[in-house]
Amino acid sequence: MGNIGFEHNQRPRKLHCATFGIGVHDDYQGMGIGSKLIQTVIDLADKWLQVKRIHIEVNTDNQRAIQCYKNFGFEIEGESINASFRDGEYINTYTMARLNF
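Along each chain, residues carry numbers from 1 onward, in the same order as the chain's sequence is written. Reporting in this predicted model follows two pLDDT cut-offs: at least 70 for local features of residues, and 80 or more for side-chain atom pairs to be given and counted; totals over whole chains, interfaces and linings ignore these cut-offs and use all residues. For side-chain calculations, the full set of non-hydrogen atoms in the structure is used, while hydrogens and water are omitted.

Q: Help me out: how do you make sense of the overall build of the protein chain in this one?
A: Put simply, DSSP H or I for four residues or longer makes a helix, DSSP E for two residues or longer makes a strand, and each gets a number counted from the N terminus. Tallying secondary structure elements over the protein chain gives two helices and five strands in all. Written out in order from the N terminus, the α and β elements of the protein chain read β-β-α-β-α-β-β. The globule rule used here is 2.2 Å times the number of residues to the 0.38 power, and the radius of gyration it is set against is calculated over C-alpha atoms. Its C-alpha atoms give the protein chain a radius of gyration of 14 Å, within 12% of the compact-globule value 13 Å for 101 residues. Over its C-alpha atoms, taken along the principal directions, the protein chain stretches across nearly 40 × 30 × 20 Å. Think of it in three bands: with a 1.4 Å probe and only protein chains considered, a residue is buried below 20% of the maximum accessible area for its type, exposed above 50%, and partly exposed in between. The buried share among the 101 residues of the protein chain stands at 29%. Only carbon and sulfur atoms are counted for the fraction: they give 46% of the accessible area of the protein chain, which is about 6900 Å². Across the protein chain, the 11 positively charged side chains and the 12 negatively charged ones have centroids separated by 10 Å. Residue-level accessible areas treat just the shown protein chains as cover; the underlying method is Shrake-Rupley with a 1.4 Å probe. In this charge count, Lys and Arg are treated as positive and Asp and Glu as negative; neither His nor the chain ends contribute. A charged residue contributes its charge at one atom only: NZ of Lys, CZ of Arg, CG of Asp or CD of Glu.

Laid out in structure tokens, this is it:
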């Protein structure tokens, strides 16, 4: 149905940072699966790993994902031009981050 990969940076100057990648199968989108996966990694980051910054990249046309991330406190920090390649064309991505200080 869905999966999430969480990467906690191990460099001494970046121990407070992490990132994740998430995917939910088309047939199961809109059922709260993505939100549950995101909440799980946020709980891990906040309660166990002392992560203060989680950053992600998302395609600028993926409004459902952007809204979902915003619901968890992520904010758009910037836009990368032609940062991803999909269906034969380059597309822009947003860098989003959630800070927990």
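Q: Honestly, the pairing of strand 3 (residues 53-59) in this entry has me stumped. Any pointers?
A: The side chains of a regular strand alternate, residue by residue, between the two faces of the sheet. Two elements, strand 2 (residues 17-24) and strand 3, share three bridges in a ladder whose sense is parallel. Bridge pairing in strand 3 links Cys 17 to Arg 53. Each parallel crossover has a hand, and the one from strand 2 via helix 1 (residues 33-47) to strand 3 is right-handed. Two strands qualify as a pair provided that DSSP identifies no fewer than 2 bridges between them. Across seven bridges, the pairing between strand 3 and strand 5 (residues 89-99) is antiparallel. Looking at the pairing, Ile 56 lines up with Met 96 of strand 5. Place the viewer so that the strands point away; then a crossover is right-handed whenever the path from the first strand over the helix to the second strand goes clockwise.

Q: How should I be thinking about the environment of Met 31 in this particular structure?
A: The topology assignment puts Met 31 in the loop between strand 2 and helix 1. Sequence separation of Met 31 and Asn 100 is 69 residues, and the distance between their C-alpha atoms is 27 Å.

Q: Quick question: what am I supposed to make of the layout of surface pockets here?
A: To find leftover empty space, one rolls a probe the size of a water molecule over the atoms. Taken as a whole, the largest pocket encloses approximately 550 Å³ of empty space. Of all the elements in the fold, those that place two or more residues in the lining of the largest pocket are strand 2, helix 1, strand 3 and helix 2 (63-71). Tallied by class, residues from the lining of the largest pocket come to 12 nonpolar, nine polar and two charged. Grid points spaced at 1 Å over the protein atoms alone were grouped into cavities, where a 1.4 Å probe fits but cannot get out, and pockets, open sets with protein on both sides within 12 Å along at least five of seven lines, with lining residues defined by an atom within 4 Å of a point. Grid points are joined across faces, edges and corners, and a volume is the space filled by probe spheres set on the points. Only Asp, Glu, Lys and Arg are considered charged in this grouping, and only Ala, Val, Leu, Ile, Met, Phe, Trp, Tyr, Cys and Pro are considered nonpolar; every other residue, Gly among them, is considered polar.

Q: Can you walk me through helix 2 in this structure?
A: In an α-helix, one turn spans 3.6 residues, which is why side chains three or four residues apart end up on the same side. Restricting attention to buried positions, one finds in helix 2 the residues Ala 65, Ile 66, Cys 68 and Tyr 69. Taken down its axis, helix 2 places every buried residue within 160 degrees of arc, on the same side. Exposed positions of helix 2 whose direction lies more than 90 degrees from the buried face are Gln 63, Arg 64 and Asn 71. Downstream of helix 2 by a residue or two, Gly 73 has a phi angle that is positive, lying close to 95 degrees. Directions drawn from the helix axis to the C-beta atoms are what define this arc.

Q: Looking at this model, I keep getting lost on the sheet that holds strand 5. Mind explaining?
A: Sheets are built from strands that pair by backbone hydrogen bonding, the pairs being arranged parallel or antiparallel. The strand order across the open sheet formed by five strands is 1-2-3-5-4, and the pairing between neighbours is mixed. A single partner strand is all that each edge strand has here, and the edge strands are strand 1 (2-8) and strand 4 (75-86). Strand-to-strand twist in this sheet, taken as the mean axis angle between neighbours without regard to direction, amounts to 25 degrees. Any two residues having at least one pair of non-hydrogen atoms within 4.5 Å are treated as being in contact. Here, axes are lines fitted to C-alpha atoms. For helices the fit covers the stretch in contact, and angles between N-to-C directions go from 0 to 180 degrees. Relative to the sheet, helix 1 contacts strand 1, strand 2, strand 3 and strand 5, its axis offset from that of strand 1 by approximately 20 degrees. Helix-sheet contacts for helix 2 involve strand 2, strand 3, strand 4 and strand 5, and the interaxial angle to strand 3 is about 165 degrees.

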